[in-house]
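The chain contents come next:
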Amino acid sequence: MRHCISFLVIIFPILLFSQGSKNLELISNVPIDVTSNDVWGFQHSNGIEYAIMGDQNSTRIISLEDPANPVEIADFVGANSTWRDIKQFRDIVYVVADSGQDGLLMIDLSMIDQDSISHTFVNIEVPVNGEPQQINTCHNLFINDDGYLYLSGCNISNRGVIIFDLNADPLSPEYTGIADLQYSHDVFVEGDLMYASEIFIGELGIYDVSDKTNPTLVGSTPTPNNFTHNAWSSHDNNYVFTTDERAESFVGAYDITDLDDIKFLDRFKPVNNVGAIPHNTHFLDNYLYTSWYTEGVIITDVTRPDNIVEVGNYDTFEGVSGGFNGCWGAFPFLPSGLLLASDRQTGLYVLQPTLVRASYLEGQIVNSETGEP
């Protein structure tokens, strides 16, 4: 036991340093006067980066031409909704809300340099059991590089994932197929694999979408707290990472190289942050960027997904841990390397990461009398 005590004394200062803000510098903050939700970003074909912010009442377009001085250039009012989700294809932004009758909002930014921005709300009809049903609400959406739109948790049938083709006309989505076994709270697609966070059964469903007219369930796994909120895979589809939107829950890591034998690898949560709730995680270059409500943004190194290590954080929320205030979204994919974060109370944060890789101190401590870990 003497060895165990010595080890804890050595590592205790490391745990202390894991708290607070590190390796993320605040560039700017744009306060929003109503409760905010999701954030997305993209680089326009004109070379300028933009942040797209959702809030209780609308969707805002914010220019990051000068990241230290962001400028809101448009605001599109929609249904009153706690939840908005945002993605982009080419120079068009797509938005869904989980309340009201908005359907799919499409914001055409292709003529932004001529001070012309158009938008339309479309309530698409899709066939369900031979009958047309109209999409009024969705919880989430995703668009991958090959131009397919995935709507998740909509108001029709079992509320699974509906697939549309944007390639012929991005402003006129063409219905392709549906994966409708379970309610899908969140969807992500990498290559031919689709990850549906089937929150009510506490599982991640993995679907083969090589034939988008006929998505096929090829694997599934429960997640650490049985409330699968979102998932994002590594670029090679060897690993997937999940969040469960519950107090004291985790980011989970899985080896999915064999979909018939998915292996749980590790789970992570902030040290000593009582009641903290993870929201969404995104994978980029072996880092996870996770919005963690009252804990702000947390960056973890998952180069070794069986040993997740925190390497950066920025707390957007000054209150105590626990509950659904604070950081809703974290977007790490801008070409400039800037990280966007949305805080429900204090709006948009533009952050500059200093990315560092984790160090590892690994071994096994055993009870010298029993030999047990």
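No experiment lies behind these values; they were computed from the predicted model shown.

1. A few points about the packing of aromatic side chains
Working step 1: In total, this model carries 17 aromatic pairs according to the counting rule given.
Working step 2: Seen from their ring centres, Phe241 and Phe283 are 5.7 Å apart, and the 10 degrees between their planes marks the pair as stacked. Note that Phe241 is positioned in strand β21 (residues 239-244) and Phe283 in strand β24 (residues 280-284), a separation of 42 residues in sequence. Like Phe283, Phe241 is buried.

2. Some remarks on the sheet that holds strand β7 (residues 92-97)
Working step 1: The sheet built from four strands is open, its strands ordered β6-β7-β8-β9 with antiparallel pairing. Looking at the sheet topology across the chains shown, the edges are occupied by β6 (84-89) and β9 (118-122). The average undirected angle you get between the axes of adjacent strands in this sheet is 20 degrees.

3. Focus on the side chain of Ser233
Working step 1: Here Ser233 lies in strand β20 (residues 228-233).
Working step 2: Dropping the residues within four chain positions of it, Ser233 is found in contact with Phe188, Glu190, Tyr195, Tyr239, Val240 and Phe283.

4. A few points about the environment of Pro353
Working step 1: Position of Pro353 relative to the elements: it lies in strand β30 (residues 347-353).
Working step 2: Classification of Pro353 by relative accessible area gives buried; the value is 12%.
Working step 3: For Pro353 and Leu338, which are 15 residues apart along the polypeptide, the C-alpha to C-alpha distance reads 6.8 Å.
Working step 4: Those residues within four positions of Pro353 in sequence are excluded, and the remaining contacts are Asn23, Leu24, Ile299, Gly337, Leu338 and Leu339.

5. Here's the deal with unusual backbone geometry
Where the residue is not glycine, phi is negative for most of them; where a peptide bond is considered, it is trans in most cases.
Working step 1: The backbone of Asn23 sits at a positive phi, close to 60 degrees, despite the residue not being glycine.
Working step 2: Mapping Asn23 onto the fold places it in the loop between α1 (2-17) and β1 (24-30).
Working step 3: The phi dihedral of Arg90 falls on the positive side, at around 55 degrees, and the residue is not glycine.

6. Brief notes about the sheet that holds strand β2 (residues 36-43)
Working step 1: The antiparallel open sheet is built from four strands, whose spatial order is β2-β3-β4-β5. Both edges of this open sheet fall to β2 and β5 (71-77), since each of them pairs with a single strand only. Here the strands of the sheet are splayed against their neighbours by 20 degrees on average, with no regard to which way each runs.

7. Observations concerning the environment of Pro278
Working step 1: Here Pro278 lies in the loop between β23 (263-268) and β24.
Working step 2: Non-local contacts of Pro278, meaning those with residues more than four positions away in its chain, are made with Thr243, Asp244, Glu245, Arg246, Ser249, Phe250, Ser291, Trp292 and Tyr293.

Definitions and cut-offs
- Residues numbered from 1 in each chain as written.
- Predicted model: local features only at pLDDT ≥ 70, side-chain atom pairs only at ≥ 80, totals over all residues.
- Heavy atoms only, no water.
- Phe/Tyr/Trp six-rings, centres within 6.5 Å; stacked < 30°, edge-to-face > 60°.
- Helix = DSSP H or I, 4+ residues; strand = E, 2+ residues; numbered from the N terminus.
- Buried < 20%, exposed > 50% of the residue type's maximum accessible area, 1.4 Å probe, protein only.
- Pairing = 2+ DSSP bridges.
- Axes fitted to C-alpha atoms, helices over the stretch in contact; angles between N-to-C directions.
- Contact = heavy atoms within 4.5 Å.

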